[in-house]
Amino acid sequence: MARAPFQVLVFPYRIVENGEVAYAVFRRRDEGMPWQAIAGGGEGDETPLEAARREAWEEAGIAVDNAYVELESRATVPVAEFADFRDREDLFVIPEFSFAVEVVEGDLPLSREHAEYAWLPYPEAHAVLRWDSNKNALWELDRRLRFSHKTRHGMNA
């Protein structure tokens, strides 16, 4: 299937003890690759949400019927980073859409793309990420979850 000209990021998260949040970050098998969110491109006529669900399933076994939230964080990636689009003279950057998904099931089964993953609290997850787009999306997700938690418990934001 042909690659669609967009990229997705997916940050799995889970609520752990005392209502704290842990975020899943992944290290690709490619030598020297940094930690990152689940990432991949759209295929055919998929929407970004459909691509996010598929990528999370393929890379970490996250059920496609889990509740996904589209984040406002957006980025663009130079077309030179994608072999499928390098020769297109009409395309300069690929938009990147960010999503979050709560995971309540057990361990994540990794695809062959990833060497490992870790559930980390926000400060540690943010510190190991290299790409600004990943850091921005994680920051937004963490703020959303903290605001949501405060609102549900009658606290001021």
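Described below are features of the structure shown in this document. Here the residue numbering is sequential within each chain, running from 1 through the sequence in written order. For this predicted model, a pLDDT threshold of at least 70 governs which residues receive local features, and a threshold of 80 or more governs which side-chain atom pairs are given and counted, while totals over whole chains, interfaces and linings are taken from all residues. Only heavy atoms go into the side-chain values, all of them from the structure, while hydrogens and water stay out.

A look at the packing of aromatic side chains
Here a pair means two rings of Phe, Tyr or Trp (six-membered ring of Trp) with centres within 6.5 Å. Their orientation is stacked below 30 degrees between planes, edge-to-face above 60, and tilted elsewhere. Inspection of the entire model under this criterion finds four aromatic pairs. Geometrically, the ring pair formed by Tyr23 and Tyr122 is edge-to-face, given 6.5 Å between the ring centres and 75 degrees between the ring planes. Note that Tyr23 is positioned in strand S2 (residues 21–28) and Tyr122 in helix H2 (residues 122–128), a separation of 99 residues in sequence. An identical accessibility class is assigned to Tyr23 and Tyr122; each is buried. Relative to Tyr117, the ring of Phe26 has its centre 5.9 Å away and its plane inclined at 25 degrees; by these criteria the two rings are stacked. Runs of E in the DSSP output that reach at least two residues are strands. Runs of H or I that reach at least four are helices, and both are numbered from the N terminus. The rule is simple: take the accessible area with a 1.4 Å probe, protein chains only, and divide by the maximum for that residue type; under 20% is buried, over 50% is exposed, in between is partly exposed.

A word on the pattern of salt bridges
Each salt bridge in this description consists of a side-chain nitrogen of Lys or Arg and a carboxyl oxygen of Asp or Glu lying within 4 Å of one another. For the coordinates displayed, the defined rule picks out twelve salt bridges. Its salt-bridge partner being Glu70, residue Arg74 comes within 2.7 Å of it at the nearest N-O pair. Look at Arg74 and you get partly exposed, because its relative accessible area is 44%. In this structure, a network of salt bridges that share partners links the residues Glu43, Glu46, Arg54, Glu55 and Glu58.

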